[in-house]
Structures are given as structure tokens and as C-alpha cells.
Amino acid sequence: MNIFVLLAKIFWTMLEAFVQKFVPVKRKSVRGEVVLVTGAAHGVGRCLALEFGRLGATVVLWDINRDGNEATAEQIREEGGTTRAYQCDCSKREEIQRVAQQVKEEVGDVTILFNNAGVMTTGSVLDLTDDQIERTFQVNVLAHFWTIRAFLPSMMTRNQGHIAALASIAGYSGSPYMVDYSSSKHAVVGLMNTLQKELELQGKDGIKTTTVCPFFVDTGFCPNPKIGSTTAGLRVLSPEEVALQAVDAVLKNIRRVIMPSEMRSVPLMTQLLPYKTQSLMQNSADISFDLMQSGPHNKTD
Ligand SMILES: NC(=O)c1ccc[n+]([C@@H]2O[C@H](COP(=O)([O-])OP(=O)(O)OC[C@H]3O[C@@H](n4cnc5c(N)ncnc54)[C@H](O)[C@@H]3O)[C@@H](O)[C@H]2O)c1
């Protein structure tokens, strides 16, 4: 491409992105869509499922926790929604493939896939067990591949659909004593960014992606998160507000959501600021949590 044409196109795309910030975006309808939410038995996943149910979607619930999943289904039905709950251990490839097939036969093609299930074990990289590290990557990363590979083909055929992922701000700026978790969320951010590019290159611009990157959420997932009183604006989010913003982003085809808004500059800062400046800022925020896996290599202070 001619350099002047390229520069003009770069300028145009930047102008377009700038203007779009001020133009209200219409929300698409999910009525009649089949929305699959993994990790739907509790926390953000349950709130996502309830919200999609209220919007008229058929909500397919996956979780390893059968009782919690059934409780979510019950709540959706009480609110007049349509749902099917499936027990599925997302750390197991064969199980994902088997349950995905069952969903296709019993409910139909999934048109919106929301990979939300996640696990976390806080502890130093040497104190975590091999199994804990493997499980973090099986549930937080590999499960995304297996669900995408199961449900993307029908979206490709129709050039329509949406794939969303619950990543984390740890996908941009990781935390000590969460090395496996942070790196798994970096992988999800990378997966979603490159998947979007691959779909565009294949002409499948009708398939959208959304990556949701919250700070701490009050679900009990991270043990006892605390934020120093000097850190203005930062707070632990509620699962309801995370789910509402995430659903809104899907309905508006927004590619990335970072919440709370005070954290939006984190990706840029990790690229621009010197390493020592980043460490200084991270340490001064005085953010802490309890260690789940303790041992001789844990020393948080
Ligand atoms: N809570 C936070 O502070 C926080 C912050 C940023 C991102 N996130 C992300 O949000 C997502 C949801 O977390 P949450 O806070 O709602 O936690 P949660 O513990 O309330 O919910 C997680 C759900 O995933 C399910 N799950 C775990 N392992 C599974 C497996 N092998 N197969 C199927 N389901 C499984 C659990 O049973 C649970 O219902 C996770 O991906 C997490 O990484 C959480």
C-alpha cells in the first residue's frame, strides 16, 4: 500500500474511533439468541446469566457446581426467562466437547459465548503445587479454546455471533503472589485480541468479541481483597455492576471494558512507564489479599 494512502487510512481510523466515543451506540437485541455462560453458578457468571435471561435470550448455564448452577436456572425461570443448566468441568477438554455436543443437540447453536469460569490460588510461584498451576491454565485459558472451537464454526457459517471473555486487569498488570493467575489472564487478553484480528482477516466481521477486565470483584473469588485508603477512586466492584457493564459491552459490540474507569490507563502505563515507576505506583496503592497457598516462599510484607 502506498505510504500516503496508509497514512490517510491510519488518520481516518483514529478519527473514526474518536468520533465514535461521542456518538451513542445502539444496543443490539439478544432476544431469541442462545447465550452460553460458563461459571454460571455463582458471582459474576450468575449475574451475567440473569441479565441475559431478563433480555429474552435462551441462557445455557455451565458450571462444575451443579447445585449453584440449578439455583441460577431456577432464578432465571422465576423471572420468566428460558434456560438450561449443564454440569461441566471446564478443566477437562473431553467433557467440554461432550457437553458442547449435547447443547447443540438439545438447545441449538450457541450464538453468544461468554467464557467466564475461572479459578485462582494465591501464593508464591514456588509454593503453588504443579496441579494448581495446571488447573489455572486449564480453566482460565484452555477452556476458552475448547469452547471457541466447539461453537465458532456455526457462527462462521452465518458470519454472525459474539465471543466474550471475563479476563481481568491482571491481564495487563499482574500481581505478585498471583503469577499463574495473572499470566493466565494475559493469555486470555492475547487470545481475544488475536482472535478478533483472525476473524477480520477471514472476512468474518459479523462475529464480534468483547474482553472484560475488572479489578477486584466482591464474590469471594479472591480472598479478602483490600485497597489502601490513600488510593483514590479504587474500590472492590460488585458482581452485579460488572455483569451489567459486561452485558452492555456485548450489546454495543465494545471490544474491551476495563473497570472501574480509574484503571483504564493501566494498559498504556504498562507500555509507557519505566518498570521502577510502575512498581512504585503499584506498591503505593497498598493492595493486598490473603494467601490461599502458604509455605516457606510466601512473604508478602
Ligand atoms: N472476583 C474478582 O476479584 C475478579 C476480578 C477480575 C476478574 N475476575 C474473573 O471473573 C470470573 C468470574 O469470577 P467470580 O469473581 O464471579 O468468581 P466465582 O468464584 O464467584 O465464580 C466462578 C465460577 O466458576 C466456576 N468454576 C470454577 N472452576 C470451574 C470448572 N473447572 N468448570 C466449570 N466451572 C468452574 C465456579 O464454580 C463458580 O461458579 C473469573 O474468570 C475471574 O478470573 C474475578
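Now for a description of the structure that goes with this document. (Residues numbered from 1 in each chain as written. Predicted model: local features only at pLDDT ≥ 70, side-chain atom pairs only at ≥ 80, totals over all residues. Heavy atoms only, no water.)

## Focus on the packing of helix H2 (residues 43-54) against helix H3 (residues 66-78)
And then number 1: Two elements in contact, H2 and H3, have axes whose closest approach is 10 Å; the angle formed by their N-to-C orientations is 25°. By the angle between their directions, the pair H2 and H3 is classed as roughly parallel. By crossing handedness, the relation of H2 to H3 is classed as right-handed. On the side of H2, the interface is formed by Arg46, Ala49, Leu50 and Gly53, while H3 contributes Gly68, Ala71, Thr72, Gln75 and Ile76. (Axes fitted to C-alpha atoms, helices over the stretch in contact; angles between N-to-C directions. Helix = DSSP H or I, 4+ residues; strand = E, 2+ residues; numbered from the N terminus. Parallel < 35°, antiparallel > 145°, perpendicular 65-115°, else oblique. Left-handed = near helix turned anticlockwise from the far one by under 90°. Contact = heavy atoms within 4.5 Å.)

## Description of the state of the cysteines
And then number 1: For the structure shown, the criterion picks out zero disulfides.
And then number 2: You can see Cys90 has no disulfide; the closest cysteine sulfur is in Cys88, sitting 4.4 Å from it.
And then number 3: Cysteine Cys213 is unpaired, with the sulfur of Cys222 as its nearest cysteine sulfur at 16 Å. (Disulfide = S-S within 2.5 Å.)

## What about a nonpolar patch on the surface?
And then number 1: A contiguous nonpolar patch, built from Met1, Ile3, Phe4, Val5, Leu6, Leu7, Ile10 and Met14 and spanning about 850 Å² of accessible area, is present on the exposed surface.
And then number 2: Counting through the fold element by element, Met1 comes out in the segment before helix H1 (3-20).
And then number 3: Residue classification places Met1 among the exposed residues on the basis of a relative accessible area of 70%. (Patch = residues over 30% accessible without salt bridge, like charges linked within 9 Å, V, L, I, M, F, W, Y side chains within 5 Å. Areas by Shrake-Rupley, 256 points an atom, 1.4 Å probe, with all protein chains shown as cover. Salt bridge = Lys/Arg side-chain N within 4 Å of Asp/Glu carboxyl O. Buried < 20%, exposed > 50% of the residue type's maximum accessible area, 1.4 Å probe, protein only.)

## Some thoughts on the packing of helix H5 (residues 130-158) against helix H6 (residues 179-201)
And then number 1: Between H5 and H6, the shortest axis-to-axis distance is 9 Å and the interhelical angle comes to 15°. It follows that H5 is roughly parallel to H6 by the angle criterion. With respect to the hand of their crossing, H5 and H6 are arranged in right-handed fashion. Of the residues in H6, those in contact with Gln132, Ile133, Thr136, Phe137, Asn140, Val141, His144, Phe145, Ile148, Leu152 and Met156 of H5 are Asp180, Tyr181, Ser183, Ser184, Lys185, Ala187, Val188, Leu191, Leu195 and Leu199.
And then number 2: Residues that form the contact of H5 with H6 fall into these classes: 13 nonpolar, six polar and two charged. (Nonpolar A, V, L, I, M, F, W, Y, C, P; charged D, E, K, R; others polar.)

## A short note on the packing of aromatic side chains
And then number 1: Per the counting criterion, the structure on display carries six aromatic pairs.
And then number 2: In textbook terms, an aromatic cluster arises when at least three aromatic residues are bridged by ring pairs, as seen for Phe215, Phe216 and Phe289.
And then number 3: The residue whose ring lies beneath Arg93 is Trp146, and the NZ or CZ to ring-centre distance is 5.4 Å. (Phe/Tyr/Trp six-rings, centres within 6.5 Å; stacked < 30°, edge-to-face > 60°. Lys NZ or Arg CZ within 6 Å of the ring centre and 35° of its normal.)

## Remarks on unusual backbone geometry
And then number 1: In this chain, Met259 is followed by Pro260 through a cis amide linkage whose omega measures 0°.
And then number 2: Along the polypeptide, Pro260 turns up in the loop between strand S8 (256-259) and helix H8 (266-272).
And then number 3: Its identity as a non-glycine residue notwithstanding, Asn159 has a phi of 45°, on the positive side.
And then number 4: One non-glycine residue with positive phi stands out, namely Asn224, at about 55°.
And then number 5: Structurally, Asn224 can be placed in the loop between strand S6 (207-214) and strand S7 (226-227).
And then number 6: Taking the relative accessible area as the measure of exposure, Asn224 reaches 38% and is therefore partly exposed.

## Quick look at the environment of Lys104
And then number 1: Note that Lys104 resides in helix H4 (residues 93-106).
And then number 2: A C-alpha to C-alpha distance of 8.8 Å links Lys104 and Phe151, two positions 47 residues apart in sequence.

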